[in-house]
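Commentary on secondary and tertiary structure
Here are the chains, one letter per residue:
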Amino acid sequence: MPQRVLSTAAADVGNASAITITAFGRPLVTAVIAAAATATAIGLPEEVLSADAVHVTARKAMEPRAAAADPALRADDPHFLRDVMPALQGTMRTLLLRSWGVGAGECKAVLDGVIATELRRAVDAAAGSGGRGDEGVTVDLFSIVSRAVLRGGVAIFLGSRFEATDGEEVAAGMAAWQSAAFRLPWFLAPRWTRWLRPAISEAFERGYKPMVAHVARVMDGSEAAEEGTYLAALLQSLAGLSPSPPVTPGQVTLHIYGILVALRINTYATGAWAVAHVIREPELAAAATAEVDNFIAATATTGASFGGGAKLAPVATASAVTGLATMEAVWAEAVRMYFVTPSLRHARTPFVIPPPASPGSTSGGRSRGDAGNYINRGSRGGSGGGSGGRWTVPGDGRTVLLSILDINRGTAHPDGDTFVATRFLPPHGRRWRAAEADRSLYAFAWGPHACIGRRVAELALQRLWVGLLGEYTLALVNAPGRGGGGRGGHGERGEADVVTVPPPLPAADYATAFGTAVPVAPVWVRLTPRRRPSSAGVPSHAQDDGEEKGGAR
């Protein structure tokens, strides 16, 4: 449901902060539109606005074919909902936020190895059997980043050995499933959509089957879980909880599958957009490369080189969680611009759309004045109806859609519909974490529903950028000639596609976006292996300027 349409509708019915769409006299969905109202609603506790609207739909969408015969695999199975799901979700929250080894040397080394292997594979494939990859090759940036991030996720969640034998099949199946399934009909009615389009289930099973077979072998004791993986930590924690009925291999697999889906649809796309925009501007590209070189040099002082060893030091500063201030700032602008999916909730307890901070304030370029006597009186400037412009959303179980458009594209951001690479890069702009803190940027969210996979995403982005910019010089180029290319990710060797002026980036595909919008056409880049200096200076704007002390989370 395009948020632009909702925002326009809210303006047309009296500049309301929220509107309710009804069917046959009953509320179908309440959409919270205005930035202030959305920011408040996002932070409400689970007992008021429940995330079950997202979780139930996601679980229904990922039901395997075996669910027809095994009720335990159905998203709405009462035993699963009452006894198993709380154990899985509670353990996941604990592991992802605190005790699992994200940020540890072993986890970083695994990601580094997989990312380096994927990049080398792309270079070798593009170079061809008779080519030389050291001369530079043309590849589809989003394709290679997607594979690197997803296969890296498979390795840290399930194990490097499993990734080496089954990672290709899992990655291909998951990518095909998301491309086929992530459309509005699937989200509204996933079971009917699967029945009407069997190809969706076929693609899902391609990624699911190797995973569930591996998890089953681990759970029956015929194979050991790889040490340091999420799977090993998850099963160890569940053994201490002893849920009844016991958690099944299928349930564990679907749980991990869902995490990997979230990692891929947002982390890879925003990370790739950031790279594309950085290499378009020579000054930013030089700054980002210098930061990566500095990062690698600092890591080497611990006695472990990039891409190997198990004692890689986390290098972070007060100005960047990842330690890479330029890349992180441009990534935040990519999130602001390209992450478009609203958040869905169920209203369990009545809550109030807050009154405006000041009359006549604006959001998203539209004045939100008095909502008058329209059904939802939570107006930004409202003085009419309700209590001081407030409107209470009933806690009747209705679906509540929290639009992030006015937060990420509103008047807090001048030229909000334009990508400004330095928007969150001091001294040109303020840091993105400050914008997130004052609720003018929706990145990882906040409150009880803040993204619990944040640390995994930050680590994956860090290792991706280090692997790309540390090992290769990247340049945007035109699409390859007749000799190669295509959405599969590989171009051709040679100089025909080299340009002196970078071509414009393709538009984002907002029409079919689910999570983060991806380009409507491939983004072709030339990868040329580089020789890193032994040490590098970091440009002044990438240094910590004393703001936001506290370092990495």
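Scroll up to find the structure.
This write-up is about the structure you can find in this document.

Basis of the calculations
Residues numbered from 1 in each chain as written. Predicted model: local features only at pLDDT ≥ 70, side-chain atom pairs only at ≥ 80, totals over all residues. Heavy atoms only, no water. Helix = DSSP H or I, 4+ residues; strand = E, 2+ residues; numbered from the N terminus. Contact = heavy atoms within 4.5 Å. Areas by Shrake-Rupley, 256 points an atom, 1.4 Å probe, with all protein chains shown as cover. Expected span 1.5 Å × (residues − 1). Pairing = 2+ DSSP bridges. Core = buried A, V, L, I, M, F, W, Y, C linked by side-chain atoms within 4.5 Å. Buried < 20%, exposed > 50% of the residue type's maximum accessible area, 1.4 Å probe, protein only. Axes fitted to C-alpha atoms, helices over the stretch in contact; angles between N-to-C directions.

1. A word on the overall build of the protein chain
Helices and strands together make up the secondary structure of the protein chain, namely 17 helices and 13 strands. For the protein chain, contacts bridging at least 24 residues in sequence account for 77% of all contacts bridging at least 6. Counting only carbon and sulfur atoms, one obtains 56% of the accessible surface of the protein chain, whose full area is about 22300 Å².

2. Points about helix 5 (residues 105-127)
In an α-helix there are 3.6 residues to a turn, and that puts residues three or four apart on one side. The end-to-end C-alpha distance of helix 5 is 32 Å, a good match for the 33 Å that 23 residues give at a rise of 1.5 Å each. Gly-128 sits one or two positions beyond helix 5 and adopts a positive phi of about 85°.

3. Considering the pairing of strand 2 (residues 26-32)
Both strand 1 (residues 18-23) and strand 2 contribute to a ladder of six bridges, which runs antiparallel. Bridge pairing links Ile-21 to Val-29 in strand 2. Hairpin connection from strand 1 to strand 2: two residues lie between these consecutive antiparallel strands, with Phe-24 at a positive phi of about 55°. Relative to strand 10 (residues 399-402), strand 2 runs parallel, the two being bridged by four bridges. Counterpart to Thr-30 in the pairing with strand 10 is Val-400.

4. Quick look at the nonpolar core
Core analysis: the biggest nonpolar cluster contains 141 residues, and Leu-141, Phe-157, Tyr-230, Phe-351 and Leu-527 have the highest contact counts within it. A per-element tally of this core places helix 12 (residues 249-280) first, with 18 residues. In contact with Leu-141, other than residues within four places in its own chain, are Ala-272, Val-275, Ala-276, Leu-468, Leu-474, Val-523 and Val-525.

5. A look at the environment of Gly-429
Here Gly-429 lies in the loop between helix 15 (405-409) and helix 16 (432-437). Residues Gly-429 and Ala-329, 100 residues apart in the sequence, show an inter-C-alpha distance of 9.5 Å. Ignoring anything within four residues of it in the chain, the contact list for Gly-429 reads Thr-422, Arg-423 and Phe-424.

6. Here we look at the sheet that holds strand 2
Spatially, 1-2-10-5-3 is the arrangement adopted by the five strands of the open sheet, whose pairing is mixed. Of all the strands in the sheet, just strand 1 and strand 3 (49-50) have a single pairing partner and so form its edges. Strands strand 2, strand 3 and strand 10 of the sheet are contacted by helix 2 (residues 35-42), whose axis makes an angle of about 120° with strand 10.

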